[in-house]
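Next come the chains, spelled out residue by residue.
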Amino acid sequence: MKTKSALLAVGPNPAWQKAIVFDHLSLGEVNRAVSSKAISSSKGINFARAARRWGGEGEVFQFTGGATGEAIKRMLDKEGIPHHSIDTACHTRVC
């Protein structure tokens, strides 16, 4: 029988990560994105994702604030990643 290990990742600096996709890139020119995606991200969050993929139970302890912090918590809830989020007065950073 396979057992799961509980892992707590302390990720004090999460981010709301935005990625954009281009069909092509022309240096020195205006480039237009064809799509974009925003996800919760940090070393702690990504560690918890990887631990869950490998059969462990990854959780995250983090500091979050504002609308971006709420978006991070909603995404973690949707992914089923347990988190202990301490609310702060400042908005969580966007990268």
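These numbers were taken from a predicted model, which means no experiment stands behind them. (Residues numbered from 1 in each chain as written. Predicted model: local features only at pLDDT ≥ 70, side-chain atom pairs only at ≥ 80, totals over all residues. Heavy atoms only, no water.)

(A) Summary view of the overall build of the protein chain. Summing up its helical and strand segments, the protein chain has 2 helices and 5 strands in all. Reading the protein chain from its N terminus to its C terminus gives the helix and strand order β-β-β-α-β-α-β. The C-alpha radius of gyration of the protein chain comes to 16 Å, more than 25% above the 12 Å expected for a compact globule of 95 residues. Its C-alpha atoms give the protein chain principal-axis dimensions of about 55 × 40 × 20 Å. Split into buried and exposed, the 95 residues of the protein chain put 31% on the buried side. Across the protein chain, the fraction of contacts at a sequence separation of at least 24, relative to all contacts at a separation of at least 6, is 61%. Surface exposure of the protein chain reaches about 6600 Å², of which carbon and sulfur atoms provide 57%. Mean positive and mean negative side-chain charge positions of the protein chain (13 and 8 charges, respectively) differ by 3 Å. (Helix = DSSP H or I, 4+ residues; strand = E, 2+ residues; numbered from the N terminus. Rg over C-alpha atoms; globule rule 2.2 N^0.38 Å. Buried < 20%, exposed > 50% of the residue type's maximum accessible area, 1.4 Å probe, protein only. Contact = heavy atoms within 4.5 Å. Areas by Shrake-Rupley, 256 points an atom, 1.4 Å probe, with all protein chains shown as cover. Lys, Arg positive; Asp, Glu negative; His and termini not counted. Charge placed at Lys NZ, Arg CZ, Asp CG, Glu CD.)

(B) Expanded view of the sheet that holds strand β4 (residues 57–64). In space, the 3 strands of this open sheet follow the order β1-β4-β5, with parallel pairing throughout. Looking at which strands have only one partner, the edges of the open sheet turn out to be β1 (6–10) and β5 (83–87). When strand polarity is set aside, the average angle formed by the axes of neighbouring strands in this sheet is 15°. Examined bridge by bridge, β1 and β4 share 5 bridges and lie parallel to one another. If you follow Leu7 over to β4, its bridge partner there is Gly58. Here helix α1 (residues 43–53) sits on the sheet and contacts β1 and β4; the angle it forms with β4, its principal contact strand, is near 165°. Set on the sheet, helix α2 (residues 66–79) makes contact with β4 and β5; between it and β5 the angle comes to about 170°. (Pairing = 2+ DSSP bridges. Axes fitted to C-alpha atoms, helices over the stretch in contact; angles between N-to-C directions.)

(C) Representation of the pairing of β4 within the structure. Across the two faces of β4 the burial differs, with Gly58, Val60, Gln62 and Thr64 buried and Glu57, Glu59, Phe61 and Phe63 not buried at all. In the sheet, β4 pairs with β5 via 5 bridges, with the strands oriented parallel. Paired with Phe63 across the bridge in β5 is Ile86.

(D) Local environment of the nonpolar core. By size, the foremost hydrophobic cluster in this structure holds 8 residues: Trp16, Ile45, Ala48, Val60, Ala71, Ile72, Leu76 and Ile81. Only α1 and α2 provide two or more residues apiece to this core. At 3 residues, the largest contribution of residues to this core is made by α2. When residues no more than four places from it in sequence are discounted, the contact partners of Val60 are Leu8, Ala9, Gly44, Ile45, Ala48, Ile81, Pro82, His83 and His84. (Core = buried A, V, L, I, M, F, W, Y, C linked by side-chain atoms within 4.5 Å.)

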